[in-house]
Amino acid sequence: MNLDTDDDTALETSTDEECPTCARTGRLFGLADAEAEVEWGVEPLGGGQYEHIPQRYWQAVFTPAAFRCTVCDPELKGPEELRLAELPYQRFELSSDALDEPGFDLQALTDAKSDYEPPW
Ligand SMILES: [Zn+2]
């Protein structure tokens, strides 16, 4: 499946998702990407003073694009069809365990990203 993307660091991949029709496990296809996130930690300095320390990290995100079930074989394409089938259709945060594709490597994605100026 070919998904158009203008971000060449995003990775086309898929993740397990229950089929809305037959309740078996189908595949949700989409793009995995790494997104820069900042979380603010608070470090006590004493005397009631606190220092706010930005903790920067990469979060893996997945943008669903299509769903396919090998059992009942519906093919849903695009956010509108996914939404109508009550499948995930918006970008969501992902743990790398959720993907069993050997091609998915968050480290490789973030390495590719670090060629760019971080948006932080
Ligand atoms: Zn099905």
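Residues numbered from 1 in each chain as written. Predicted model: local features only at pLDDT ≥ 70, side-chain atom pairs only at ≥ 80, totals over all residues. Heavy atoms only, no water.

A. Up close: the overall build of the protein. Across its full length, the protein holds two helices and five strands. In the protein, the succession of helices and strands from N to C terminus is β-β-β-β-α-β-α. The burial tally for the protein puts 29% of its 120 residues in the buried class. Taking contacts inside the protein between residues at least 6 apart in sequence as the whole, the part at least 24 apart equals 59%. In the structure as shown, the protein presents an accessible area of about 7,900 Å², 44% of it carried by carbon and sulfur atoms. (Helix = DSSP H or I, 4+ residues; strand = E, 2+ residues; numbered from the N terminus. Buried < 20%, exposed > 50% of the residue type's maximum accessible area, 1.4 Å probe, protein only. Contact = heavy atoms within 4.5 Å. Areas by Shrake-Rupley, 256 points an atom, 1.4 Å probe, with all protein chains shown as cover.)

B. Here's a closer look at the coordination of the zinc ion. At 2.2 to 2.3 Å from the zinc ion lie its protein donor atoms, namely C19 (SG), C22 (SG), C69 (SG) and C72 (SG). Geometry at the zinc ion is tetrahedral, judged from the four donor atoms that bind it and their angles of 104 to 118 degrees at the metal. When the donor residues of the zinc ion are listed from N- to C-terminus, their spacing reads C-x2-C-x46-C-x2-C. Of this pair, C19 sits in the loop between β1 (11-18) and β2 (25-46) while C72 sits in the loop between β3 (49-68) and β4 (75-77), and the two are 53 residues apart along the sequence. When its relative accessible area of 33% is taken as the criterion, C72 is described as partly exposed. (Donors = N, O, S within 2.8 Å, 3.2 Å for Na, K, Ca; no water. Tetrahedral: all angles 85-135°; square planar, octahedral: opposite > 155°, others 65-115°.)

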